[in-house]
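# Observations on the model geometry
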Amino acid sequence: MSAPNDHQQSKSLSQNLIQKLPLPPLIPPLFATIHLKSYTHEDKDFFTNQASHCRPSFFFPVPPFRASKTPLQLGTTMSCSNLTMWASSKPSLSDASALSCRSFIAPLQLPSQNSLPASRSSSVTPVQCGLRELRERISSVKNTQKITEAMKLVAAAKVRRAQEAVVNGRPFSETLVEVLYNINEQLQVEDIDAPLTKVRPVKKVALVVITGDRGLCGGFNNMIIKKAERRIAELKALGLEFTIISVGKKGNSYFLRRPYIPVDKFLEGTNLPTAKEAQAIADDVFSLFVSEEVDKVELLYTKFVSLVKSDPVIHTLLPLSPKGEICDINGVCVDAVDDEFFRLTTKEGKLTVERDVIKTQTVDFTPVLQFEQDPVQILDALLPLYLNSQILRALQESLASELAARMTAMSNATDNAVELKKTLSQTYNRQRQAKITGEILEIVSGANALV
Amino acid sequence: MTLNLCVLTPNRIVWDSEVKEIILSTNSGQIGVLPNHAPIATAVDIGILRIRLNDQWLTMALMGGFARIGNNEITVLVNDAEKGSDIDPQEAQQTLETAEANLRKAEGKRQTIEANLALRRARTRVEAINVMS
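All of the points below concern the structure found in this document. (Residues numbered from 1 in each chain as written. Chains lettered and ligands numbered in written order. Predicted model: local features only at pLDDT ≥ 70, side-chain atom pairs only at ≥ 80, totals over all residues. Heavy atoms only, no water.)

### Comments concerning the overall build of chain A
Helix and strand content of chain A: 12 helices and six strands. Out of the 451 residues in chain A, the part that is buried amounts to 51%. Sequence separation of 24 or more characterises 77% of the internal contacts of chain A that already satisfy a separation of 6 or more. Counting only carbon and sulfur atoms, one obtains 58% of the accessible surface of chain A, whose full area is about 21900 Å². (Helix = DSSP H or I, 4+ residues; strand = E, 2+ residues; numbered from the N terminus. Buried < 20%, exposed > 50% of the residue type's maximum accessible area, 1.4 Å probe, protein only. Contact = heavy atoms within 4.5 Å. Areas by Shrake-Rupley, 256 points an atom, 1.4 Å probe, with all protein chains shown as cover.)

Encoded structure:
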């Protein structure tokens, strides 16, 4: 019996193999497919038919179990290995998903194998793995599944908190809109010249890009960064200067790696966006705009549509148009579409519906108001508030989208892990069975030989 | 007649209950509001708000915003509001000193605007504590 020797031989063979192959990551790349897809696909079908794309297609290098054996043993070994092979290469697993541990076809293999041409022509190198490796792998998948499951639950809990924050902020924004609407009615006749509403010829644009602080949330961060890149390209094409205000760690690291993109400020978000953070951004934006360093400020964030859908959007933050900002709470002044500067930016057309909603809210408010100060001063006091609440809202929506995206991604990852675990344990059980059968055969034939 | 005060910030409702009288710092100076005040709209400066509950005066630091008074309802919309009793005196004092230092260091129009705003906020917070004691 030369089994130990054989094993060593196969070990060294596998090491050669490992060196030749590009090494896949040690942790099963459950999330890799999700990320990859986000690069290639637009957001529309991202969350919907993801599951079909998420079958992990990867392989892992483990020592091939078989090697040349002595001729006397060949008969039994062959039957045993064939059994293994047929058991593991189920029809449901295509060539692409080569996690079934198919026999590694060594050059000295007998040419009578059926699956030989197919597996050779496929891009994935099938690798056979031993029982021990399978066991290790199953336990690692199990651990990963626990992690992803926990992350999913955490994200779900946080989504609830994020929703609460939005609800808490609602009285403020509703009253604000009400007041703005009311004042706007009375100010329509007057010529207003507040600094935040000043429309200047645009030479330089500031982009506030809101990203998340963490990864593992599907394509969330990539989508918003891609959007920013597209916008930068557009601005470059128009011959305008630009600067970035980056909010969130992921965006920060992205822009830090690209020094050719001018960044005005890096800000970091925290767990739950508060008025303080919104204030920090608003201060920055405000001073940039008022000091005439930039003539236009745009906000890029991920709009939360539902738990399974969110869109990266661009909203014009400044200049605020005193006539338009009442119309919608989301910051794009609707009635300024005729304006040339606005035509540059208002590309998201989902505003009219919301405008109607808000107008119905404000109909019943008609007290006879006296202005303590100049209307301009009052507007001056109101517009920063409005700016703040806009930014806060964007932060909140962005967080909600991030958490929702993480929930989806993690739930997919968990599903994949479950599936992977199932296939692996099936393979493991089959191999174990095959091994036992082989041993029994050996014993029986040995006994027969003795008789 | 009772006067109802409602102080709203983007995060939460800071105050929503009945008061006897308030003194509000507006852009054009402090105004006192008693029940049955004429309806007005006013800009609120970065400054302190004093609230009288029976015989007790409370202070609150307001970070700039807007107030609407009418029908015995006062609605104050501000970026941030802190009750004087919630502010940590040491921390506030330290922030004030940093803000002063920053203003001295500030160069250019933009930095000056930022530093000035920060200084005024810090000063208001310190004032809110001092009025209390």
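### Let's talk about the interface of chain B and chain A
The interface is formed by 32 residues belonging to chain B together with 39 residues belonging to chain A. In total, about 2900 Å² of surface goes out of reach between chain B and chain A, with carbon and sulfur atoms giving 60% of it. Linking chain B to chain A there are one salt bridge. Notably, a salt bridge pairs Asp283(A) with Arg121(B), separated by 3.2 Å at the nearest N-O pair. Between chain B and chain A we count three residue pairs in polar contact (both at pLDDT 80 or more) in total. Residue assignment for the side of chain B that touches chain A shows that the elements contributing at least two residues are strand S5 (40-53), strand S6 (56-70), strand S7 (73-78) and helix H2 (108-132) of chain B. (Buried area = accessible area lost by both parts, 1.4 Å probe. Salt bridge = Lys/Arg side-chain N within 4 Å of Asp/Glu carboxyl O. Polar contact = N/O pair within 3.5 Å; in protein donor to acceptor, adjacent residues only side chain to side chain.)

### Here's the deal with a nonpolar patch on the surface
A cluster of nonpolar residues, Ile436(A), Ile440(A) and Val444(A), forms a patch on the protein surface that exposes about 230 Å² of accessible area. Turning to its location among the elements, Ile440(A) is positioned in helix H12 (residues 375-450). (Patch = residues over 30% accessible without salt bridge, like charges linked within 9 Å, V, L, I, M, F, W, Y side chains within 5 Å.)

### Some remarks on the side chain of Lys296(A)
In this fold, Lys296(A) is placed in strand S4 (residues 296-306). There is a polar contact of 3.4 Å between the side chain of Lys296(A) and the side chain of Glu298(A).

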